[in-house]
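# Observations on the model geometry
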Amino acid sequence: MTSSIFMHPATMFIIGALLLPLAKKFNVQKVWLVLVPLVAFIQIKYLPESFGSVEWLGFDLQFGRVDRLTMVFLHVFTLMALIGSLFGLHVKESGQHVAAWLYVAGSLGTTLAGDYLTVFIFWELMAFASVFLIWYRKRKRSIEAGFRYLLVHTFGGLVLLGGIFLRYQNVGDLTFELISVDHATLADYLIMIGFMLNAAVPPIHAWLPDAYPEATVSGAVFMCAFTTKTAVYVLARGFAGFETLAIMGAIMTLYGVAYAVIENDARRILAYHIVSQVGYMVCAVGIGTEMAINGASAHAYAHILYKALLFMGIGSVLEMTGRSKLSELGGLYKYMPYSMIFTVIGGIAISGFPLTSGFISKSMIIAAAGNNHQLVILSMLLLAAVGTFLSVGIKLPYFVFFGPKDSGLTPDEAPWNMQVAMGIAAFMCIFLGFYPDYLYDMLPYAVHYHPYTSYHLTETFHLLGFTGLGFFIMVKYLKPHDVSNLDLDWFYRRGAVWFMWVANKPVSATNEWVSNVYQNIGLRLTMALARALSWFDWEGIDWALDGSARGAVKGGEQVRQFQTGKLQHYIGAAVALLFIVLIVVVLV
Amino acid sequence: MIVNFLTYLRERPTFLKWLFIAYLAFAVVFDFFADRHHAHFWGDHLVGFWAVFGLVGCLAMIVFCKGLSHVWLERDKDHYDK
C-alpha cells in the first residue's frame, strides 16, 4: 500500500530538528519530541518502492529505494528514535535533541540511499551530528573523546570517498548494489573498509569504546543504536558473501566480549559488547546465505532494542547517582527496582534466554553458520555467547544492583519518561521472544527456521546454566578494579603525543631557525633588492617614458592641499557652488 | 514489594544455591530427551557437550582475560592524561 503523500523520513527528522527550538519557545518541545518520531514510524509503511531520483551534475542520485532489507532497518530505526526521544524527554537543551535527530536523519538517509554519493552525504551527517552527543556532556574527557571520534570518522569517510571515486572511474556508475566477490577491486575494498570502520571491526574499532562511555546519558542511547547498525545494513546491501567479513565478524564477537569481561565502567562494558554483538551481524553478512542475511537483519533489530535498553538502564543509574563504575556501585536494587528489572530484562535478552528476542535472533546466525558447515566460526560464536551471559547478563546487573558490597547510595528511581522508554524496549524484547513471527515476517527472505526446538532449548539451558556456575565459582576474581585497559586506540592516542612532540620540538625548532636566518639575511636581501628595483623604476623607467608618473605625483600633491578633510569646508564649498549656480541661472 | 521479596531471597543464599543446582540437574536430564535430528556436528550428539563447553569456556575466558588484563593491559584510569 502506498500513498501519494509522503515525506522522506530523513527530511522529516531534519525539519523536526530545525523546528525544535520553535517548539521549545511555544512550550511544546515534549509533544514535538514524541510526535515527529511517531509519525515517522507510522509513515514508513506508506513509502513507495522508489522515490527522490535527482539528476545533479551528471550524477543520478536516488534518495529513496525501499525493499524488504531496507524496511526491517527503517522499522527498528524509527522505533528506536521514538524510544530514545522519550528517554531524553526531560532534557531541556534543544541542542541535544537536534543533534540526536540529525544523527537519526543521517542514518535513515543512508538506509534509503540508492547510490554511493547519497550514502556518503548522509554518512557524514551521521558522524558530524553524533559527535555533538558526546560534546554535550561538556566534560574535558568528553570533549577530547569527541575530537578523537570525529578524526577517526573523518578518516573513515575519506577512505569511503576514495573508494567511491575509484569505483566511479572504473565502472562509471555509482548505483549502490550488491558487489560480487569475484569482481571486487581495490575500489570496492576501500568502500568496504570505510563501512567496516563504522561497524567497529577490529583493528579499527577503538573509537567506539573510547567515545560512547563519554557521551551524554541519552546521547549514548542513540549512539549505541544507529552508527554500527547502519554500517551492518550497508555491508549487507553491498558486501554479502565476502568471507573476510565472516572471519572478521567471528573475531569481533570474541574481542568485544573479552574486554567486556575485564572492564570496570558499566557503559564501557556495554560499548565493548556492541563490538561483540555487531560481530555476529558482520559474520552473518560474510556468510551471505539467505538465512544468514535474515539472521543479520533479525539480530540487528533485536540488538538495537536490548542494547538500548541496557544503555537506558545503566544511563538511569548514571543520571541518578552520577556514577557508572562497577567498583563504585552496588545494592541499588532497593532504590531503583524498576530500572533494575528493565536492565535485567535487557541482560537476559542479550544472553539469548528462551522467550526473549536474543533467543530467536542470535540463534539464526549460529544456525546459518552451522548449515554452512563453518564449525570454527560456529564455536567462536557460541563461546562469545558464553562471554555475553557472563559479562552483560550476570556481571553487569550483579555488581550494579546487587553486588557483594552496598555502595551506600540511596538514589531515587529514574524519572517517569525514562521508565516508559525502558518499558517499551523491555516489552519489545519479550514480545519478540513470545511471538517471533512479528519479526520473521519482516525479514528480507522467507524464513524456514524455528527457534523453539527441543535441541536449541537444551543447548541454551546448558550454555547459560553452566556459564552461571562458572561465574558463581569465580565471582571473587571478577571483582571490578578501578583501572582502564589498553586497546588499539593506544596507537593514535600515544601517536598523537609523539606527533605533537615532533611538531613542538624538532619541527618548531627548525622553523624558528629558518625564520631567524630569513630575518637576518633573507629579509635584508629582499629589502635591498626592493630598494634597487624602486630606484630603477623611478629614475630609469619614468625617465625613459615621459615623466608622467612624476607629474602625477606633483599634481596629486597640489590637489591634496585643497582637500582639508574638514566636513564644514566641504559643505561651505558646496553651498557656495550652489549660490553661483543659482545666480547664473537667475541672471542669465 | 519486589524489593522485599528480593531482600528475602538474598538473606537465604543456601536456598538459592539449591534452586540453582536443581535447575542444572533439570538441564542435564532434559538433554537426554532432546531431539538431535538437526545436529550440526559431532558435539551435538553428545549428551552434556554444551554444559562442558559453557563451563570450560566461561572459566577459561575469565582466567585468560583477567590474566591478560593484569599482566599487560591494565593502566591507571588517567593513563593518557599524563
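Conventions we followed
Residues numbered from 1 in each chain as written. Chains lettered and ligands numbered in written order. Predicted model: local features only at pLDDT ≥ 70, side-chain atom pairs only at ≥ 80, totals over all residues. Heavy atoms only, no water. 1 Å grid on protein atoms, 1.4 Å probe; cavity = no way out; pocket = protein on both sides within 12 Å on 5 of 7 lines; lining within 4 Å. Points joined across faces, edges and corners; volume = space filled by probe spheres on them. Helix = DSSP H or I, 4+ residues; strand = E, 2+ residues; numbered from the N terminus. Nonpolar A, V, L, I, M, F, W, Y, C, P; charged D, E, K, R; others polar. pLDDT = per-residue confidence, 0-100. Domains from an automatic or database assignment. Patch = residues over 30% accessible without salt bridge, like charges linked within 9 Å, V, L, I, M, F, W, Y side chains within 5 Å. Areas by Shrake-Rupley, 256 points an atom, 1.4 Å probe, with all protein chains shown as cover. Salt bridge = Lys/Arg side-chain N within 4 Å of Asp/Glu carboxyl O. Buried < 20%, exposed > 50% of the residue type's maximum accessible area, 1.4 Å probe, protein only. Axes fitted to C-alpha atoms, helices over the stretch in contact; angles between N-to-C directions. Parallel < 35°, antiparallel > 145°, perpendicular 65-115°, else oblique. Left-handed = near helix turned anticlockwise from the far one by under 90°. Contact = heavy atoms within 4.5 Å. Pairing = 2+ DSSP bridges. Expected span 1.5 Å × (residues − 1). Bend = angle between axes of the 7 residues up to and from the residue. Phe/Tyr/Trp six-rings, centres within 6.5 Å; stacked < 30°, edge-to-face > 60°.

### Topic: the layout of surface pockets
Considered as a void within the structure, the largest pocket measures approximately 1,400 Å³ in volume. For the lining of the largest pocket, the elements supplying multiple residues, two or more each, are α13 (337-351), α15 (375-401) and α18 (454-474) of chain A together with α1 (2-10) and α2 (13-32) of chain B. Looking at the lining of the largest pocket residue by residue, the class counts come to 24 nonpolar, 4 polar and 4 charged.

### Here's the deal with the confidence of the model for chain B
Of all residues in chain B, 100% have pLDDT values of 70 or greater, and the mean over the chain is 89. Here strand β1 (residues 74-75) of chain B stands out as the least confident element of chain B, with mean pLDDT 87; α2(B) is the most confident, with 94.

### Quick look at the domain arrangement of chain A
Its domain assignment divides chain A into domain 1 (1-221), domain 2 (240-477) and domain 3 (493-587). The distance between the C-alpha centroids of domain 2 of chain A and domain 3 of chain A comes to 71 Å.

### Things to note about a nonpolar patch on the surface
Residues and elements named next belong to chain A. Among the surface-exposed residues, Met7, Ile15, Leu19, Leu22, Phe26, Val28, Val31, Leu35 and Val39 lie close enough to one another that they form a single nonpolar patch of about 770 Å² accessible area. Breaking the nonpolar patch down by element, the ones donating at least two residues are α1 (9-25) and α2 (29-43). The residue Phe26 is located in the loop between α1 and α2 in this model. Residue classification places Phe26 among the exposed positions, given a relative accessible area of 61%.

### Focus: empty space enclosed by the protein
Under the definition given, this model contains 3 cavities of 30 Å³ or more. By volume, the largest cavity amounts to about 50 Å³. Residue lining of the largest cavity: A:Ile262, A:Pro480, A:His481, A:Val483, B:Lys66, B:Ser69, B:His70 and B:Glu74, and that is the complete set. Broken down by element, the lining of the largest cavity gets its largest block of residues, 3 residues, from helix α3 (residues 49-73) of chain B. Within this model, the second largest cavity holds a volume of roughly 40 Å³. For the second largest cavity, the full set of lining residues is A:Gly88, A:Gln96, A:His97, A:Ala100, A:Leu133, A:Ser218, A:Gly219 and A:Phe222. Taken together, the elements giving at least two residues each to the lining of the second largest cavity come down to α4 (94-112) and α9 (217-238) of chain A.

### Things to note about the packing of helix α11 (residues 266-287) of chain A against α15(A)
All names here are of chain A. Relative orientation of the contacting elements α11 and α15 amounts to 155°, with a least axis distance of 11 Å. Looking at the two axes, α11 sits roughly antiparallel to α15. Every pair of crossing elements has a handedness; the one defined by α11 and α15 is left-handed. Taken together, the residues of α15 that come into contact with α11 (itself represented by Ala266, Ile269, Leu270, His273, Ser276, Gln277, Tyr280 and Cys283) are Ile377, Leu381, Ala384, Ala385, Thr388, Ser391, Val392, Lys395 and Leu396. Considering only residue class, the contact of α11 with α15 consists of 11 nonpolar, 5 polar and 1 charged.

### Brief notes about the side chain of A:Ser130
Residues and elements named next belong to chain A. Examined against the element boundaries, Ser130 turns out to sit in helix α5 (residues 116-135). The exposure class assigned to Ser130 is buried, which follows from its relative accessible area of 0%. Each residue touching Ser130, except ones within four places of it in the same chain, is listed here: Tyr103, Tyr149 and Met223.

### Examining the domain arrangement of chain B
Partitioning chain B into structural domains gives domain 1 (1-33) and domain 2 (46-82). One C-alpha centre belongs to domain 1 of chain B, the other to domain 2 of chain B, and the line joining them spans 26 Å.

### Re the pairing of strand β1 (residues 50-56) of chain A
Residue and element names in this part refer to chain A. Bridge count between β1 and strand β2 (residues 59-65): 6 bridges; the pairing is antiparallel. In the sheet register, Trp56 faces β2, and the bridge partner there is Phe59. Hairpin connection of β1 to β2: 2 residues between the antiparallel strands, including Leu57 at a positive phi of 50°.

### Description of the environment of A:Val376
Residues and elements named next belong to chain A. Locating Val376 in the fold gives a position in helix α15. Judged by its relative accessible area of 60%, Val376 falls in the exposed class. It is 9.5 Å that separates the C-alpha atoms of Val376 and Ile247, two residues lying 129 residues apart in sequence.

### Structural notes on α1(A)
Residues spaced three or four apart along an α-helix face the same direction, because each turn holds 3.6 residues. Residue and element names in this part refer to chain A. Relative to the 24 Å expected for 17 residues at 1.5 Å per residue, α1 spans 24 Å between its end C-alpha atoms, a close match to the ideal helical length. The largest bend along α1 reaches roughly 40° and is located at Leu19, with the proline Pro21 sitting one to four residues downstream. Among the residues of α1, those classed as buried are Pro9, Ala10, Met12, Phe13, Gly16, Ala17, Leu20 and Ala23. Of the surrounding elements, those touching the buried residues of α1 are α2, α3 (68-87), α4 and α5. Trailing α1 by a residue or two, Asn27 shows a phi angle of about 60°, which is positive.

### Things to note about the packing of aromatic side chains
Under the defined criterion, the tally for this structure stands at 40 aromatic pairs over all chains. When the centroid spacing of 5.4 Å and the interplanar angle of 35° are considered together, the rings of A:Tyr255 and A:Tyr259 count as tilted. Within this pair, A:Tyr255 and its partner A:Tyr259 are both found in helix α10 (residues 243-262), separated by 4 residues, close to a single helical turn. Seen in terms of ring centroids, B:Phe49 and B:Trp50 are 4.8 Å apart; in terms of plane orientation they differ by 85°. Their pairing is edge-to-face.

### A look at the pattern of salt bridges
Close approach of charged atoms allows side chains with opposite charge to pair. All names here are of chain A. Counted by the stated rule, this structure contains 15 salt bridges over all chains. For Asp489, the salt bridge is made with Arg493, and the minimal N-O distance between the two is 3.3 Å. Arg493 sits in the buried class, given a relative accessible area of 18%. Beyond isolated ion pairs, a larger network of salt bridges with shared partners links Arg148, Asp210, Asp489 and Arg493.

### With respect to the packing of α9(A) against α11(A)
Residue and element names in this part refer to chain A. The N-to-C vectors of α9 and α11 enclose an angle of 15°; their axes lie 10 Å apart at closest approach. Between α9 and α11, the angle is such that the two are roughly parallel. Handedness of the α9/α11 crossing: right-handed. Contacts from Val217, Ala220, Cys224, Thr228, Lys229, Val232, Leu235 and Ala236 in α9 reach Arg267, Ile274, Val278, Met281, Val282 and Val285 in α11. Its residues assigned to classes, the contact of α9 with α11 shows 11 nonpolar, 1 polar and 2 charged.

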